[in-house]
Every structure is written in C-alpha cells, then in structure tokens.
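# Tertiary structure, described
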Amino acid sequence: MLVDEKPMRTIWPGEDGRTVEVIDQTKLPHALEVVRLASVEDAAVAIETMMVRGAPLIGATAAYGMALALSADPSDEGLDAARSRLAATRPTAVNLRWALDETIDAVGLLPVSTRADAAWKLAARICDDDVAICSSIGDHGLPLIEEIWERKGRQGVVNILTHCNAGWLATVDWGTATAPIYKAQAAGIPLHVWVDETRPRNQGAGLTAWELEHGGVPYALIVDNAGGHLMQHGMVDLCIVGSDRTTATGDVANKIGTYLKALAAHDNGVPFYVALPSPTIDWTKRDGLAEIPIEERSPDEVTRITGRTDGGETVTVRLAPEGAAAANYGFDVTPARLVTGLITERGCCEASEEGLKSLFPDST
Ligand code: MRU
C-alpha cells in the first residue's frame, strides 16, 4: 500500500541479499521504523515480540527465518533447529506451521549446498503469493459491499465493522479483511469503518487506524464493547474480520473478542464475514473450540497500557492495582454457525466443510 505516496510492503529482502527488512509494528502508530533481521533468532524474536504479527505476515517471516537459518547452517540439524525455534514463537496462527512445512518440503531433499538459495526463493514466492491472494480476497469481497450499497439505494455510506488488524500490516500487502474495503474505496463506494480498539495490545487503535488514516478511508475508533450497541441501532451494515486459523469445518480462531462481535451480529441480523487466505485453513482440525491452541500472553498486557504523551514520549502506565491478577487470552473461536460466509482467494463460501471443499476440493 502507499505510505506517504510510497509503495510499501511489511517485509522485503535486504539489498545485501542476506538479510530481511520489516516494519517494526511495535513502534506504530507513532513512528514508522524499519528493522533488519539477520538471523533465524532475529526472525523468531520479531514474531515473539510482535514486531511482526498477523497470521499471513507471521508465515512470511517464518519463511524468511528459515532462509536466514539455512544461510548459516544448511545441514539437516540446522533445518530441524530452525524449524523448532520458529514453531515455538506463537501457537495460534497456523500460517506459521504452514510456511515451515512448505520450506521443509521444498528444501529437505535438496543437496545441502543448494538449500539456502531455494529457501530464499521460496520465501520471496510466499510473499508474492500472499499479495496476489489478498488482492483476490478483495476482488471476491467487493461484491458483498456493492450489494449493500445497492440495497441502500446508493445513499449514505456502507458501514463496516472490523476487529483487531487484519489489514495490510497483518499480511505482506492489501490485508484480508481490509482488502475488500480498499477495493470498494477504489470502486468509488462511500465507506465508513468502525475500528475496534482491540485490547489488550490495541491493534485496532494503533495499526488499523494508522492504515485507514494513510489510505484515506473514513473510520472511527470505538472501544471494544461498543459494537453491540452500534449493531442494535442499525449502524453496522457488515462485519469483516480476519482469521488466524480456520478449521476444515469453518470454525474461526481470531483475535480475542471476535466471538462476541459474531454473537452481536447474529442477534441483530448483521452479516458477519471472515476473510482468509487458504494457508490459514487447518485441514487437520474439525472442532475449533476443542482443537485450536489459544495463545496466552503476559498479564502485563492487561494490567498496563503503552502510549505516547503529548510531549512525544512513549510511556507504559499501570491501569490496575499493584499486584492485580490478570488473565490474557489472545484469541477466541467463533463457531461456523455464527459466520455468514468466508471470503477466500478462490471466492466466497459457506463456513462449512462443504463450503470449503467446494473451493478447495484437493486440500486435505
Ligand atoms: O495477535 P495478532 O496481532 O497477531 O492477531 C492478529 C489477528 O487476530 C488478525 O485478525 C489475524 O491474524 C488475521 S490477519 C490477516
């Protein structure tokens, strides 16, 4: 996407051909800083600390992490160690495991001397594919927005609610949930996006708002608890969220709070769509609630909050009493029955095994 008129992705190979550069998302929205990753450990730490985050971008970073690892040690032991280190970084987004498996499949049987080169090429291809996939998700999501615009008699604006950041910052470019929004904007449909702040890490406030601001898409930031009220008052035409892992039966794990938005949408007859690239589908899982591992993060993220003072200083302050106990579940599962439809690179389908199989008949 364009940032201050300049096209930008979230991750790209360094000019030296041996490093990778990423946007440090922990610094947004207050500063746009680029960080260089020079080793598999750098890549693992970037994922762990959420310098890079969002399921597709985690996968892309893991692929480059494998390339960095193989440049240093292309042996079988090096391959295994890199896979284990990267796989342990975050548990919920299945794109991570997918990218690691893709790399092992592509390089595992190659002569040791050619592995690194093949892994670098694969990582670049995974990134380019992600851009094309997300653009297609936008193309397939656009008619949903067009339909609402027509139904409203081309009056007013189409109000879309989104949760967390499933925007271009969560992918290599375009985003998943935001791709239909950017395509609708380009098609001249007047839009307004309700952006959930998305506690505890505020990816909505810090990242989605930053993205939409730069993209010129009208939006309003809302507290996480406001969505139900807006839906009850007819102020949301459509919800679109992302996914970190979708089961073969259409259950969706996404940022904590997604389930509550789906419940409110269901109660109010608001269409609730999930936009996802096929590497986010975990064909080995059938019951999202029972089988998808949910990340638990530091209680500090709940008891404290970080922001920038008017004087330009970034500070972290305590919200809760000293010693307060806190629990921090990063994701929840929205059962398929609450999902109106899935938007994928191959088209839209019902959130069900039949729906997914109709688009991806050969996947297992
Ligand atoms: O914890 P995060 O910021 O990695 O969580 C991101 C999300 O929940 C996104 O909605 C999801 O990864 C889909 S990204 C296209």
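The text that follows walks through the structure, step by step, so that each part is easy to find.

What counts as what
- As a convention, each chain's residues are numbered from 1 in the sequence order in which they are written.
- Since the coordinates come from a predicted model, pLDDT governs what is reported: local features require at least 70, and pairs of side-chain atoms require 80 or more to be given and counted, while whole-chain, interface and lining totals use all residues.
- Calculation of side-chain values draws on the structure's entire complement of heavy atoms; hydrogens and water are dropped beforehand.
- Strands are runs of DSSP state E lasting at least two residues, helices are runs of H or I lasting at least four, and both sets are numbered from the N terminus onward.
- The classification of residues rests on relative accessible area computed with a 1.4 Å probe and restricted to protein chains. Under 20% of the type maximum is buried, over 50% is exposed, and intermediate values are partly exposed.
- Only four residue types enter the charge count: Lys and Arg as positive, Asp and Glu as negative, with His and the chain ends excluded.
- One speaks of a salt bridge when a side-chain nitrogen belonging to Lys or Arg is within 4 Å of a carboxyl oxygen belonging to Asp or Glu.
- Distance and chemistry together define a polar contact, namely a pair of N or O atoms within 3.5 Å, with one atom able to donate a hydrogen and the other to accept it when in protein, and with adjacent residues in sequence counting only for side-chain atoms on both sides.
- The contact rule is simple, with two residues in contact once any of their heavy atoms fall within 4.5 Å.
- We call a residue near a molecule or strand as soon as one heavy atom of that residue lies within 4 Å of the molecule or strand.
- Each accessible area is a Shrake-Rupley estimate made with a 1.4 Å probe; only the visible protein chains count as cover when residues are assessed.
- The split of the chain into domains comes from an automatic or database domain assignment.
- The pairing criterion for strands is at least two bridges between them, as found by DSSP.
- Note on method: axes are straight lines fitted to C-alpha atoms, helices fitted across the in-contact stretch only, with angles between N-to-C directions ranging 0 to 180 degrees.
- For crossovers, right-handed means that the path from the first strand over the helix to the second runs clockwise, given strands pointing away from the viewer.

It is worth spelling out the side chain of Glu345 at this point. Looking at the element boundaries, Glu345 is found in the loop between strand S17 (341-344) and strand S18 (347-349). The buried charged residue Glu345 lacks any salt bridge partner; its closest oppositely charged side chain belongs to Arg346, at an N-O distance of 5.3 Å. A polar atom in the side chain of Glu345 sits 2.4 Å from the side chain of Ser278. Each residue touching Glu345, except ones within four places of it in the same chain, is listed here: Ile133, Ser136, Ile137, His140, Leu276, Pro277, Ser278 and Phe360.

Within the secondary structure layout, Lys152 lies in the loop between helix H5 (112-151) and strand S6 (158-162). You can call Lys152 partly exposed: its relative accessible area is 29%. If we skip the residues at most four places from it in the chain, Lys152 touches Val157, Val158, Asn159 and Asp237. Within the local environment of Lys152, its side chain forms a polar contact with the side chain of Asp237, the two groups lying 2.7 Å apart.

Turning our eyes to something else, we now look at the site of the ligand. Among the 19 residues in the neighbourhood of the ligand, the closest are listed as Ala55, Arg90, Gln203, Asn254 and Lys255. Take Asp244: an N or O atom from its side chain is 3.0 Å from an oxygen atom of the ligand. A distance of 2.7 Å is found between an oxygen atom of the ligand and a side-chain nitrogen or oxygen belonging to Lys255. If the ligand stood free it would expose 410 Å²; the protein chains cover 100% of that surface. Among the secondary structure elements, those contributing two or more residues to the shell around the ligand are helix H2 (55-72) and strand S11 (252-255). Each of two domains, domain 1 (2-128) and domain 2 (140-359), supplies a minimum of three residues to the shell around the ligand.

On the basis of which strands lie adjacent, the open sheet formed by three strands has the order S3-S4-S5 and antiparallel pairing. Only two strands of the sheet have a single partner each, and these edge strands are strand S3 (11-13) and strand S5 (34-37). Put simply, the sheet's adjacent strands are angled 25 degrees from each other on average, direction ignored. Of the pairings in the sheet, the one linking S3 to strand S4 (residues 20-23) comprises three bridges and is antiparallel in character. When the bridges of S4 are listed, Ile11 appears paired with Val22.

This next bit is on the pairing of S6. The element S6 is extensively covered by neighbouring structure, given that five of its five residues are classed as buried. Residues Val158, Ile160 and Thr162 point to one face of S6 and Asn159 and Leu161 to the other, with burial holding for every one of them. By the bridge criterion, five bridges tie S6 to strand S7 (residues 191-196) in an arrangement that is parallel. If you follow Val158 over to S7, its bridge partner there is Leu191. Crossover S6 to S7 through helix H6 (residues 178-186) is right-handed. Relative to strand S9 (residues 238-241), S6 runs parallel, the two being bridged by two bridges. The residue bridging Ile160 from the neighbouring strand is Leu238, located in S9.

To continue, consider the sheet that holds S7. Taken in spatial order, the seven strands of this open sheet run S8-S7-S6-S9-S12-S17-S18, and their pairing is mixed. Both outer strands of the open sheet, strand S8 (219-222) and S18, are each paired with one neighbouring strand and no more. Across the sheet, the mean angle from the axis of one strand to that of its neighbour is 25 degrees, orientation sign disregarded. Two strands pair when backbone bridges link them, and strand S12 (residues 272-275) and S17 are joined in this way by three bridges, in the parallel orientation. Looking at S17, one finds that Tyr273 is bridged to Gly341. In the packing of helix H7 (residues 203-215) onto the sheet, the strands contacted are S6, S7 and S8, and the crossing angle to S7 comes to about 165 degrees.

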